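Survey of secondary and tertiary structure
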Amino acid sequence: MAGLASFAYDVFLSFRGEDTRYGFTGNLYSALNQRGIQTFFDEKDIRKGEELTPALMRAIKESRIAIVVFSKNYAFSTFCLKEVTAILECYDKEKKKNDCVVLPVFYKVNPSDVRHGRGSYGEALAKHEVTFKDELDKVNKWRTSLYKAANLKGFNFKHGNIKLFAIFPTGVINHYYIYYFEYIDKRGI
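Along each chain, residues carry numbers from 1 onward, in the same order as the chain's sequence is written. Reporting in this predicted model follows two pLDDT cut-offs: at least 70 for local features of residues, and 80 or more for side-chain atom pairs to be given and counted; totals over whole chains, interfaces and linings ignore these cut-offs and use all residues. The basis for the side-chain values is all heavy atoms of the structure; hydrogens and waters are excluded.

Take the pattern of salt bridges next. Any carboxyl oxygen of Asp or Glu within 4 Å of a side-chain nitrogen of Lys or Arg constitutes a salt bridge here. Scanning all chains against the criterion turns up seven salt bridges. Between Lys138 and Glu135 there is a salt bridge, and its shortest N-O distance comes to 3.2 Å. Here Glu135 falls in the partly exposed class, since its relative accessible area comes to 34%. Burial classification: accessible surface area is computed with a 1.4 Å probe over protein chains only, and a residue below 20% of its type maximum counts as buried, one above 50% as exposed, and the rest as partly exposed.

Further remarks concern the nonpolar core. In these notes, a set of buried Ala, Val, Leu, Ile, Met, Phe, Trp, Tyr and Cys residues joined through side-chain atoms within 4.5 Å is what counts as a nonpolar core. Counting 34 residues, the largest nonpolar core has Phe70, Val84, Val114, Tyr121 and Leu146 as the members making the most contacts within it. Only DSSP runs of H or I reaching four residues or more are called helices, and only runs of E reaching two or more are called strands; each is numbered from the N terminus. Those elements that provide at least two residues to this core are β1 (9-15), α4 (52-61), β3 (63-70), α5 (78-94), β4 (101-107), α7 (120-131) and α8 (136-150). Considering every element that reaches this core, the biggest residue donor is α5, with eight residues. Any two residues whose heavy atoms approach within 4.5 Å at even a single point are treated as in contact. Every residue in contact with Tyr121, bar those within four places of it in the chain, is listed here: Phe70, Ser71, Lys72, Tyr74, Ala75, Val109, Asp113, Val114 and Leu146. By size, the runner-up hydrophobic cluster in this structure holds 18 residues, among which are Ile67, Val69, Tyr107 and Phe157.

Now for unusual backbone geometry. Although it is not a glycine, Lys108 sits at a positive phi angle of roughly 60°. With respect to the secondary-structure elements, Lys108 resides in the loop between β4 and α6 (111-116). Overall, the relative accessible area of 39% leaves Lys108 in the partly exposed class.

Looking now at the packing of α7 against α8. Following both chains from N to C, one finds α7 and α8 inclined at 160°, their axes separated by 9 Å at the closest point. Between α7 and α8, the crossing angle belongs to the class labelled roughly antiparallel. α8 is crossed by α7, and the crossing has right-handed handedness. Across the interface between the two elements, Tyr121, Leu125, His128 and Glu129 from α7 touch Leu136, Val139, Trp142, Arg143 and Leu146 from α8. Of the residues in the contact of α7 with α8, the class split is six nonpolar, one polar and two charged. Helix axes are fitted only over the stretch in contact, all axes being lines through C-alpha atoms; the angle between N-to-C directions runs from 0 to 180 degrees. Oblique is the label for any angle not under 35 degrees, not over 145, and not in the 65 to 115 range, which are roughly parallel, roughly antiparallel and roughly perpendicular in turn. Here a crossing is called left-handed whenever its near helix is offset anticlockwise from the far helix by less than a right angle, and right-handed whenever the offset is clockwise. Note that Gly is not counted as nonpolar here; it falls among the polar residues with everything else outside the nonpolar set of Ala, Val, Leu, Ile, Met, Phe, Trp, Tyr, Cys and Pro and the charged set of Asp, Glu, Lys and Arg.

Most of β1 is tucked away, with six of its seven residues classed as buried. Pairing between β1 and β3: six bridges, direction parallel. The residue bridging Leu13 from the neighbouring strand is Ile67, located in β3. One ladder, built from two bridges, connects β1 with strand β2 (residues 39-40); its direction is parallel. Note that in β2 the partner of Phe12 across the bridge is Phe40. For two strands to count as paired, DSSP must find a minimum of two bridges between them.

Let us look at the sheet that holds strand β5 (residues 155-157). The five strands lie next to each other as β2-β1-β3-β4-β5, forming an open sheet whose pairing is parallel. Two strands in the sheet have a free side with no partner beyond their single neighbour: β2 and β5.

The subject of this paragraph is the environment of Ile60. Mapped onto the elements, Ile60 comes out in helix α4. Residue classification places Ile60 among the buried positions, given a relative accessible area of 1%. Remark: the alpha-carbon pair of Ile60 and Glu83, spanning 23 residues in sequence, is separated by 7.8 Å.

Centres within 6.5 Å make a pair out of two Phe, Tyr or Trp rings, where for Trp the six-membered ring is used; the pair is then stacked when the planes are under 30 degrees apart, edge-to-face when over 60, and tilted otherwise. For the coordinates displayed, the defined rule picks out 11 aromatic pairs. Centre to centre, the rings of Tyr9 and Phe40 are 5.3 Å apart; their planes meet at 80°, and the pair counts as edge-to-face. With Tyr9 in strand β1 and Phe40 in strand β2, this residue pair connects regions lying 31 residues apart in the sequence. Judged by relative accessible area, Tyr9 falls into the buried class, the value being 14%. Looking at Phe40, the relative accessible area reads 2%, which means it is buried. Between the aromatic rings of Phe15 and Phe41, the centroid separation amounts to 5.2 Å while the plane-to-plane angle is 15°, which identifies the pairing as stacked.

In short, shape yes, function no, at least from these values alone.
Structural data, given as structure tokens:
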């Protein structure tokens, strides 16, 4: 989410692999790719042997748009929590220039649970408070990031026929191309 000339990706996908990699997010990646939208997808874009965290942070900074797919187990992953925190830090720095967009997708979770740390999000944060009892500032930062992300306008999907409108900046302030794609979940996942 750096200056316009340094974008390597149109979209960065943040998701919990065990929840959505081979269903919703995998199909979202395919739909974006088929339309020529350069999308960062961890298993495709991180080389074998490359250190994971620096590669992810670099990809976040080099993306115009971040789509954060919140799912049931998203907050149990410290990688996911680090990603959403980094995404929002970049967003806060770049939003004045209209250079980046963050689109939250609430996949089979209530946005209010993400926002207020309830349900599986409350369970995950409580677990992290125990694990990181000497670093509660880190857990509080993650909690704040979830709150901020859940307050952004996004999409709430349960299952079935899903239509998603994603807005992609063209580099000209206040002018946008709108890409449309459909995701049809025939298996109800």
